[in-house]
Amino acid sequence: QVQLVESGGGLVQPGGSLRLSCAASTSIFSRSAMGWYRQAPGKQRELVARISSGGITNTADSVKGRFTISRDNAKNTVYLQMNSLKPDDTAVYYCKARSLYGTEYWGKGTLVTVSS
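Report on the accompanying structure. All of these numbers come straight from a predicted model, not from anything done at the bench.

### Here we look at the overall build of the protein chain
Within the protein chain, the regular secondary structure consists of zero helices and 11 strands. At 13 Å, the protein chain has a C-alpha radius of gyration in line with the 13 Å of a compact globule built from 116 residues. Considering only C-alpha atoms, the protein chain reaches an extent of 40 × 25 × 25 Å along its principal axes. For the protein chain, buried positions account for 41% of its 116 residues. Put simply, 54% of the contacts in the protein chain that link residues at least 6 apart link residues at least 24 apart. In the form shown here, the protein chain has an accessible surface area of approximately 6,400 Å², with 46% of it arising from carbon and sulfur atoms. A gap of 4 Å separates the mean positions of the 14 positive and 7 negative side-chain charges of the protein chain.

### As for the nonpolar core
Of all hydrophobic cores here, the largest spans 28 residues; its most connected members are M34, W36, V78, L80, M82 and Y93. Residue assignment for this core shows that the elements contributing at least two residues are β3 (18-24), β4 (33-39), β5 (46-51), β7 (67-72), β8 (77-82), β9 (91-98) and β11 (110-114). Beyond its immediate chain neighbours, meaning those up to four positions away, V78 contacts L20, S21, C22, F29, M34, W36, I51, I69, S70, R71 and C95.

### A word on the pattern of salt bridges
Where charged atoms from two side chains of opposite charge approach closely, those side chains can pair. Going through the model one piece at a time under the given rule, you end up with six salt bridges. Of the charged contacts in the structure, one is a salt bridge between R66 and D89, with a shortest N-O distance of 2.8 Å. Here R66, found in the loop between β6 (57-59) and β7, pairs with D89, found in the loop between β8 and β9; they are 23 residues apart in sequence, far enough to count as distant. Look at R66 and you get buried, because its relative accessible area is 10%. A salt bridge links E104 to R98, with the shortest nitrogen-to-oxygen separation between them at 3.9 Å. For R98, a relative accessible area of 42% corresponds to the partly exposed category. Three or more residues joined by partner-sharing salt bridges are found here, namely R38, E46, R66 and D89.

How each quantity is defined
Residues numbered from 1 in each chain as written. Predicted model: local features only at pLDDT ≥ 70, side-chain atom pairs only at ≥ 80, totals over all residues. Heavy atoms only, no water. Helix = DSSP H or I, 4+ residues; strand = E, 2+ residues; numbered from the N terminus. Rg over C-alpha atoms; globule rule 2.2 N^0.38 Å. Buried < 20%, exposed > 50% of the residue type's maximum accessible area, 1.4 Å probe, protein only. Contact = heavy atoms within 4.5 Å. Areas by Shrake-Rupley, 256 points an atom, 1.4 Å probe, with all protein chains shown as cover. Lys, Arg positive; Asp, Glu negative; His and termini not counted. Charge placed at Lys NZ, Arg CZ, Asp CG, Glu CD. Core = buried A, V, L, I, M, F, W, Y, C linked by side-chain atoms within 4.5 Å. Salt bridge = Lys/Arg side-chain N within 4 Å of Asp/Glu carboxyl O.

Next comes the structure, spelled out in structure tokens:
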């Protein structure tokens, strides 16, 4: 059973930065595609960024140039560096792993609040 634990969320002022981390509990992490999603109140969950097992990344247009996804396979951890945060970035951020067999796993989420 894969477990994903997100951390790094919190309250930040507009224009500020946060780095989210997602630690996986198993070594299959290195062979899994990883992604960050977010869900704002009253809205559907949306993709923020994803990274393949080989390090290829895709980032949503809404955060392109501000957010960067990366991974450290030695630590079974994926990161989301968020810069120039805006109030519209306020959401619960979720980590997702997708194994080679197509099985998906989700973390429980971490809340990011951007407010002055």
